[in-house]
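The primary structure of each chain is shown beneath.
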Amino acid sequence: MTLIEHSQSLFLLFMCAYTYHYAKRVNNDPDLYKFWIWTIFWWFMLFGRGISWGRDFFPEVPRFYYKIIASILMAIPILSIFLPTIRREIARRFKFEEIPVWHIVFAFLFLGIADIAEHHRLGHQFLVITRDRKDLIEELMEIPCLLSLALITFYMQKNEQKRLNS
């Protein structure tokens with residue numbers, strides 16, 4: 001299980017680095033650059049959540065500090081939605097670009113299944129037959145969710161490059 005969690009964390013860090021590399025390629029367009037930097041904060045927030053905001057590596061530190069870390073890592077991408085540049089770019093994408101609906105559906109579907117396994121929600125008894133497999137099922141369902149999010153990112157970047165090169 002730890003191998004799966006660490007692989008997910010490495011994948012999320014990879015997506016941070018990959019998205020930063022892409023953002024540098026479009027830095028001549030300030031709106032695009034800021035949008036992709038904003039996206040990096042979302043990837044990093046998912047990374048922070050994946051490692052329990054650091055508790056996995058430093059369990060002896062009081063929980064209060066992790067709540068501060070979590071608050072900061074969640075506040076940055078959420079509050080930055082209110083920046084005019086970010087809102088404008090989101091609106092532009094929503095109006096003028098194709099949305100990879102199936103990737104979004106799969107991301108929410110697998111996130112929902114992982115949430116059912118983790119929090120014993122409705123249908124838990126059909127999903128988790130033995131209690132000792134609960135964490136494994138949760139982690140395995142997070143994998144296609146993260147892959148769907150990555151595919152959304154790749155899809156948006158591919159379409160963006162087509163638009164910029166034409």
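Our structure's up above, just so we're on the same page.
Residues numbered from 1 in each chain as written. Predicted model: local features only at pLDDT ≥ 70, side-chain atom pairs only at ≥ 80, totals over all residues. Heavy atoms only, no water.

Undergrad: I'm lost on the side chain of Thr19 in this one. Help?
TA: Within the element layout of this structure, Thr19 appears in helix α1 (residues 2–25). Here Trp43 takes part through its side chain, which lies 3.5 Å from a polar atom of the side chain of Thr19. Aside from chain neighbours lying at most four places away, what touches Thr19 is Trp36, Thr39, Ile40, Trp43, Thr153 and Gln157. (Helix = DSSP H or I, 4+ residues; strand = E, 2+ residues; numbered from the N terminus. Polar contact = N/O pair within 3.5 Å; in protein donor to acceptor, adjacent residues only side chain to side chain. Contact = heavy atoms within 4.5 Å.)

Undergrad: Where do I start with the pattern of salt bridges in this structure?
TA: If charged atoms from side chains of opposite charge come close, those side chains can pair. A full pass over the atoms with the stated rule returns eight salt bridges. The shortest N-O distance in the salt bridge between Glu89 and Arg92 comes to 2.5 Å. With a gap of three residues between them, Glu89 and Arg92 both fall in helix α4 (residues 84–96), about one helical turn apart. Close ionic contact of Glu89 with Arg93 constitutes a salt bridge, the shortest N to O distance being 3.0 Å. (Salt bridge = Lys/Arg side-chain N within 4 Å of Asp/Glu carboxyl O.)

Undergrad: Where do I start with the packing of aromatic side chains in this structure?
TA: One pass over the structure, following the stated rule, counts ten aromatic pairs. Considering the side-chain rings of Phe64 and Tyr65, the 5.6 Å spacing of their centres and the 70° angle between planes classify their relative orientation as edge-to-face. Judged by relative accessible area, Phe64 falls into the exposed class, the value being 55%. Among the aromatic side chains, those forming a connected cluster through ring pairs are Tyr22, Phe35, Trp36, Trp38 and Trp42. Positioned above the aromatic ring of Phe35, the side-chain terminus of Arg93 is 4.1 Å from the ring centre. (Phe/Tyr/Trp six-rings, centres within 6.5 Å; stacked < 30°, edge-to-face > 60°. Buried < 20%, exposed > 50% of the residue type's maximum accessible area, 1.4 Å probe, protein only. Lys NZ or Arg CZ within 6 Å of the ring centre and 35° of its normal.)

Undergrad: Looking at this structure, I do not really get the environment of Gln8. What am I missing?
TA: Along the chain, Gln8 falls in helix α1. Its relative accessible area of 9% is what places Gln8 among the buried residues. Residues within four places of Gln8 in sequence aside, it is in contact with Glu139, Glu142, Ile143 and Leu146.

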